[in-house]
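Fold and contact review
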Amino acid sequence: MSSFSLPQINDNPDGGWGPSSSSVPAQFKFKDIPYAPYSKSDKLGRFADWNDISGDNRPTNLGLSSTQGRGGGGPGGRRRDGQPAFGSGTASAFTYFHAEDESSFSLVDTKAGAARRGGPMSRGGARGRGGAGYGRGGGAQRGGRGGFSGGRGGGAQRGGRRGWRDWEKNGRTRESSVAISPEWAMLEEIEFHRLAKLRLEVDEPEDLETYGRVYPYDKSYDRITTRTEKPLQLLDRIKYNPTTSDDPVIQEMASRDTATIYTTDVILSVLMTAPRSVYPWDIVVVREGNKLFFDKRDGGPFDTVTVNENAADPPQDPTAVNPNNPNEKVVVPETPSINSATSLSLEATYINQNFAFQTVIETPPPPAIDFSKPNPFYGPDETEPLASCGYRYRVFDLGITDDEDVRICVRTEVDAYLPGQDPRKGRGLVTIRALNEFDSRATGAGGAPDWRTKLDSQRGAVVATEMKNNSCKLAKWTVQSVLAGADALKIGWVSRVNPRDNTRHVVLSTTSTRPADFASQLNVSLANGWGIVRTVADLCMKQPEGKYVLVKDPNKVSILLGLFNYFACLCSPSLRQCGVTRHLKSAVCWRSRHLITVCRRAH
């Protein structure tokens with residue numbers, strides 16, 4: 001049977017607390033280092049008391065007395081435990097004095113702070129609730145309820161009272177633009193902070209071919225004010241925006257090996273401004289040999305316009321019901337909200353289309369200008385009139401060295417031309433877009449002022465608010481204008497006639513700007529955008545031939561882009577290709593307050 005022997009117990013022969021120098025082995029003795037004693041009745045708040053502690057748990061080793069600290073000397077500065085730590089006065093040997101640092105410091109501003117509004121007994125005053133005196137939430141903190149530090153709900157941050165149900169807003173999640181199946185293989189991941197550091201300088205592009213017809217821009221819309229507003233008209237026009245693989249011109253250029261990458265300005269602008277995006281999106285990448293095609297899906301996020309995407313509290317859609325919870329009931333509102341994210345997106349798309357149709361002069365003079373070739377998507381059996389639109393196919397060189405041949409062919413679009421200019425030579429081209437106001441007091445307005453009262457008198461404040469709330473959308477429009485080589489970007493300000501009616505709108509004003517200057521105001525770096533495109537293209541060229549999906553994660557902060565294998569996409573209902581998805585026409589019109597996408601088979 002094994003024996004057990006008690007270990008040797010070394011008592012302190014002096015009868016004190018702590019180890020004895022005679023019982024501790026030689027290798028564990030600490031010479032010339034003092035020991036801070038404490039009483040057995042003290043509460044264990046810290047392992048070692050390295051500094052002299054004042055009444056409010058702050059060090060006084062910088063020459064400040066305990067009463068000079070925040071909260072010291074008053075009722076709000078008493079020690080929470082009620083008694084000072086035993087032996088704290090004997091720990092001065094551990095104190096480090098910043099003598100040189102403090103000697104070089106001098107107080108510059110000796111002015112007294114401005115008095116707070118309201119009397120000393122009012123809420124938020126010297127003795128008010130959460131105020132600067134001995135109010136609720138501690139002494140001598142700055143700010144009112146939930147203010148700078150220590151107040152009720154304030155913590156250690158500066159700011160006022162949080163908004164209603166802010167705790168619930170942080171938990172809101174967005175659905176991905178495409179349902180990601182568990183069988184999909186994650187091939188690459190890109191973080192947005194890595195994309196922001198990329199940079200690639202690109203020379204002027206080469207113009208290949210031009211198609212379509214453009215009408216002159218009506219300059220009378222530049223003189224509209226809030227007092228001379230014009231109603232937004234509903235015009236039946238057809239404007240084609242097919243994806244890259246459905247463009248017969250791009251297919252012909254690909255057969256001649258014109259470039260390495262093929263895409264459209266709409267898809268390319270989303271990729272170049274990816275770090276600004278908040279809402280989810282996805283791009284279908286097709287690799288055929290040494291060629292890449294960036295495509296979009298029908299009915300995806302590329303066919304609509306977002307509203308207040310970058311606002312602190314953007315518009316929200318009704319919360320979806322969890323299908324795994326049988327107790328959760330589906331609450332269907334009697335009438336759908338006109339200020340939800342989906343409704344506002346459809347309304348903005350309708351406004352952009354009709355504003356571009358309305359601001360051109362279709363009856364000469366001045367005459368319409370035909371480009372070198374007619375519209376490649378307009379068939380002989382079409383009866384509806386074409387909208388003013390010109391297509392310019394341009395090639396940009398993305399090669400880093402002279403020997404590297406990486407070229408991208410982009411189909412760009414222009415909406416009109418300035419009278420007196422020659423658009424055939426690339427002069428006076430115009431792109432037309434529109435911002436819309438729905439209700440400045442509704443949820444998701446982003447603090448936007450009332451356009452009817454502020455647009456003429458305080459246009460700078462209105463523009464700054466829109467640049468903050470719609471940073472991604474404005475950046476995409478600017479990039480599209482630069483890619484197309486447009487000389488002017490016309491942005492209309494369109495508002496509802498009645499905030500409760502989303503079917504009638506008026507044009508309040510129009511802003512004209514140069515795309516390059518507007519890019520500088522928005523802090524849009526085209527070099528960074530080209531660096532993103534080149535990086536994504538290099539990642540796709542490392543993969544074997546096939547189809548892939550580039551997905552923007554809607555919720556994660558760090559990993560925001562993922563490249564998935566397309567092997568399971570054909571089995572996914574979200575990406576299933578039916579007989580009518582291979583289209584040559586995608587016309588957007590507005591009927592019965594719904595967005596209708598018209599498709600037909602490719603002949």
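The model shown is predicted, which means the values in this text are computed figures rather than measured ones. (Residues numbered from 1 in each chain as written. Predicted model: local features only at pLDDT ≥ 70, side-chain atom pairs only at ≥ 80, totals over all residues. Heavy atoms only, no water.)

1. Some remarks on the overall build of the protein chain
So the rule is basically this: Put simply, DSSP marks the helices as runs of H or I at least four residues long and the strands as runs of E at least two long, and each gets a number from the N terminus on. Think of it in three bands: residues with accessible area under 20% of the maximum for their type are buried, residues over 50% are exposed, and the middle band is partly exposed, with areas taken using a 1.4 Å probe on protein chains only. Working rule for contacts: check all heavy atoms of both residues, and any pair within 4.5 Å makes them a contact. Every accessible area reported is derived by Shrake-Rupley at a probe size of 1.4 Å, with residue values counting cover from the shown protein chains alone.
For the protein chain, the count of helices and strands is eleven helices and 17 strands. In the protein chain, which comprises 603 residues, the share counted as buried stands at 43%. Considering only intrachain contacts with a sequence separation of at least 6, the fraction spanning at least 24 residues in the protein chain is 69%. On the protein chain, roughly 34000 Å² of surface is accessible, and the fraction owed to carbon and sulfur atoms is 51%.

2. Things to note about the confidence of the model for the protein chain
Keep this limit in mind: The quantity called pLDDT is the predictor's confidence in a given residue, expressed from 0 to 100.
On average, residues of the protein chain score 75 in pLDDT, and 63% of them are at 70 or above. Contacts from residues 86-99, a stretch scored under 50 in pLDDT, to residues over four places away or in other chains number 22 contacts. Across residues 567-603, where pLDDT falls below 50, the model places 81 contacts with residues more than four positions away in sequence or in other chains.

3. Some points on the packing of aromatic side chains
Aromatic ring pairs are defined here through the distance separating the ring centres and the angle between the ring planes. Let me state the cut-off plainly: Any Phe, Tyr or Trp ring, taking Trp's six-membered ring, that has another such ring centre within 6.5 Å forms a pair; planes under 30 degrees apart are called stacked, those over 60 apart edge-to-face, and the others tilted. Only when the NZ atom of a Lys or the CZ atom of an Arg is both within 6 Å of the ring centre and within 35 degrees of the ring normal do we say a charge sits over the ring.
For the structure shown, the criterion picks out eight aromatic pairs. Both rings, one in Tyr240 and one in Tyr378, keep their centres 6.5 Å apart while their planes meet at 75 degrees; by these two values the pair is edge-to-face. One end of the pair, Tyr240, is in the loop between strand E3 (230-231) and helix H4 (248-255); the other, Tyr378, is in the loop between strand E7 (369-370) and strand E8 (389-397), and 138 residues separate them in sequence. Residue classification places Tyr378 among the partly exposed residues on the basis of a relative accessible area of 29%. Taking 5.4 Å as the distance between ring centres and 85 degrees as the angle between the ring planes, the aromatic pair formed by Phe377 and Tyr391 counts as edge-to-face. Taken together, the residues span a long stretch of sequence, with Phe377 in the loop between E7 and E8 and Tyr391 in strand E8 at a distance of 14 residues. The burial state of Phe377 is the same as that of Tyr391; both residues are buried. A connected cluster of aromatic rings, assembled from ring pairs, spans Tyr240, Phe377, Tyr378 and Tyr391. It is Lys230 that lies over the ring of Tyr221; its NZ or CZ is 4.5 Å from the centre.

4. Remarks on helix H9 (residues 471-484)
Our working rule: To estimate the expected span of a helix, count its residues, drop one, and scale the result by 1.5 Å.
Helix length check: H9, at 14 residues, gives a terminal C-alpha distance of 20 Å against a target of 20 Å (1.5 Å per residue), a fit within 8%. The buried fraction of H9 amounts to 13 of the 14 residues, a majority that puts the element mostly inside the structure. A positive backbone phi angle near 75 degrees is found at Gly485, which sits one or two residues after H9.

5. Topic: the packing of helix H5 (residues 265-272) against H9
Filter applied, for reference: Axis definition: a line fit to C-alpha positions, over the contact stretch in the case of helices; interaxial angles, taken between N-to-C directions, run 0 to 180 degrees. Note that the term roughly parallel is reserved for angles under 35 degrees, roughly antiparallel for angles over 145, roughly perpendicular for angles of 65 to 115, and oblique for everything else. Crossing chirality is assigned from the near helix's rotation relative to the far helix, an anticlockwise turn below a right angle marking it left-handed and a clockwise turn marking it right-handed.
Following both chains from N to C, one finds H5 and H9 inclined at 125 degrees, their axes separated by 9 Å at the closest point. With respect to H9, the element H5 is oriented oblique. Helix-helix and strand crossings are classified by hand; for H5 and H9 the assignment is right-handed. Here H5 contributes Asp265, Val266, Leu268, Ser269, Val270 and Met272 to the contact with H9, which in turn contributes Lys476, Val479, Gln480 and Leu483.

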